[in-house]
Amino acid sequence: EDQVTQSPEALRLQEGESSSLNCSYTVSGLRGLFWYRQDPGKGPEFLFTLYSAGEEKEKERLKATLTKKESFLHITAPKPEDSATYLCAAPGDSGYSTLTFGKGTMLLVSP
Amino acid sequence: GEEVAQTPKHLVRGEGQKAKLYCAPIKGHSYVFWYQQVLKNEFKFLISFQNENVFDETGMPKERFSAKCLPNSPCSLEIQATKLEDSAVYFCASSQGADNEQFFGPGTRLTVL
């Protein structure tokens, strides 16, 4: 069964305190690893797609990296507005494009 | 449009009533996906379409759920005879290609009383 596991479940940071979120996956033949941000009461907002081990993508204070078994979302000098739930997802092995989501990391950045 | 649109934003139904949700994908996107978010961050895939054709329906509870994507109309997800456990936020997403990133709408919150 395809598995996408995120850790930690929740993370509390002070403004400016850098950290990393982890997403490990057991999907074989990975056809993409997606990161999303979800704010309360809203739909997931697309952040990054990573396709191959060693790939990195950056956007403002966020950088996503991918290895053969996991992905990291690095947050550098976070601000309170970075507070959200961060989700990673991967298409399963079925040959279709159904996304299997992790349960997310809820990030709270305090001023 | 440039964003996935979903209507209504909220829907309240009594148990046993019908519920119908609508989704307009981003213009030019060929794929539409429906997901159900029950607990805080648990997404369950329901069904996907490639244009008006069902692409993958492995997640659909077939006895009460149905969905359509017809040309020149919003896609729809219909639940006949709603049950309490159908209470959830239903998200629609669209993508250009089967393995491209999916862009999500704001969701429809269905409450079954």
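Look a little higher up for the structure.
Owing to the predicted nature of the structure, the values given are computational and were not obtained by experimental measurement. (Residues numbered from 1 in each chain as written. Chains lettered and ligands numbered in written order. Predicted model: local features only at pLDDT ≥ 70, side-chain atom pairs only at ≥ 80, totals over all residues. Heavy atoms only, no water.)

**Digging into the overall build of chain B**
Okay, so step 1: What chain B contains, in helices and strands, is 0 helices and 11 strands.
Okay, so step 2: Listing each helix as α and each strand as β along chain B from the N terminus yields β-β-β-β-β-β-β-β-β-β-β.
Okay, so step 3: Computed over its C-alpha atoms, the radius of gyration of chain B comes to 13 Å, within 12% of the 13 Å expected for a compact globule of 113 residues.
Okay, so step 4: Each principal axis of the C-alpha distribution contributes one length, and for chain B these read about 35 × 25 × 25 Å.
Okay, so step 5: For chain B, the proportion of its 113 residues judged to be buried stands at 46%. (Helix = DSSP H or I, 4+ residues; strand = E, 2+ residues; numbered from the N terminus. Rg over C-alpha atoms; globule rule 2.2 N^0.38 Å. Buried < 20%, exposed > 50% of the residue type's maximum accessible area, 1.4 Å probe, protein only.)

**With respect to the interface of chain B and chain A**
Okay, so step 1: Taken together, the contact between chain B and chain A spans 20 residues of the former and 21 residues of the latter.
Okay, so step 2: With both chains or domains summed, chain B and chain A bury close to 1800 Å², and 56% of this area falls on carbon and sulfur atoms.
Okay, so step 3: At the junction of chain B with chain A, the criterion picks out 1 salt bridge.
Okay, so step 4: Between lysine 103 of chain A and glutamate 42 of chain B there is a salt bridge; the shortest N-O distance is 3.4 Å.
Okay, so step 5: Scanning the region where chain B abuts chain A turns up 5 residue pairs in polar contact (both at pLDDT 80 or more).
Okay, so step 6: Here the element with the most residues in the side of chain B that touches chain A is strand β4 (residues 31–37) of chain B; it accounts for 3 residues. (Contact = heavy atoms within 4.5 Å. Buried area = accessible area lost by both parts, 1.4 Å probe. Salt bridge = Lys/Arg side-chain N within 4 Å of Asp/Glu carboxyl O. Polar contact = N/O pair within 3.5 Å; in protein donor to acceptor, adjacent residues only side chain to side chain.)

**Quick word on the pattern of salt bridges**
Okay, so step 1: Scanning the model with the defined rule gives 8 salt bridges over all chains in all.
Okay, so step 2: Note that lysine 57 of chain A is salt-bridged to glutamate 55 of chain A, the shortest N-O span being 3.5 Å.
Okay, so step 3: When salt bridges that share partners are traced, they join Lys18, Lys20 and Glu78 of chain B into one network.

**Concerning unusual backbone geometry**
Okay, so step 1: Cis rather than trans, the peptide bond between serine 7 of chain A and proline 8 of chain A has omega equal to -10°.
Okay, so step 2: Tracing the sequence through the fold places proline 8 of chain A in the loop between β1 (4–7) and β2 (10–14).
Okay, so step 3: The omega angle of the peptide bond from threonine 7 of chain B to proline 8 of chain B is -10°, so this bond is cis rather than trans.
Okay, so step 4: Non-glycine residue alanine 81 of chain B carries a positive phi angle of around 50°.

**Details of the state of the cysteines**
Residue and element names in this part refer to chain A.
Okay, so step 1: For the structure on display, the rule yields 3 disulfides over all chains.
Okay, so step 2: The disulfide partner of cysteine 23 is cysteine 88, and the gap between their sulfur atoms is 1.9 Å. Classification of the bridge connecting cysteine 23 and cysteine 88 rests on its S-S torsion, roughly 80°, and on that basis the disulfide is right-handed. In this pair, cysteine 23 sits in strand β3 (residues 19–25) while cysteine 88 sits in strand β9 (residues 84–91), placing the two residues 65 residues apart along the sequence.
Okay, so step 3: For cysteine 23, a relative accessible area of 0% gives the class buried. (Disulfide = S-S within 2.5 Å.)

**Concerning the sheet that holds β1 of chain A**
Residues and elements named next belong to chain A.
Okay, so step 1: Across the sheet, 5 strands lie side by side as β1-β3-β8-β7-β6; this open sheet has antiparallel pairing. A strand with exactly one partner marks an edge of an open sheet, and here the two such strands are β1 and β6 (56–59). Strand-to-strand, the axes of this sheet are offset by a mean angle of 15°, without reference to chain direction.
Okay, so step 2: One ladder, built from 4 bridges, connects β6 with strand β7 (residues 62–66); its direction is antiparallel. Bridge assignment links glutamate 58 to a residue of β7, and that residue is lysine 63. (Pairing = 2+ DSSP bridges. Axes fitted to C-alpha atoms, helices over the stretch in contact; angles between N-to-C directions.)

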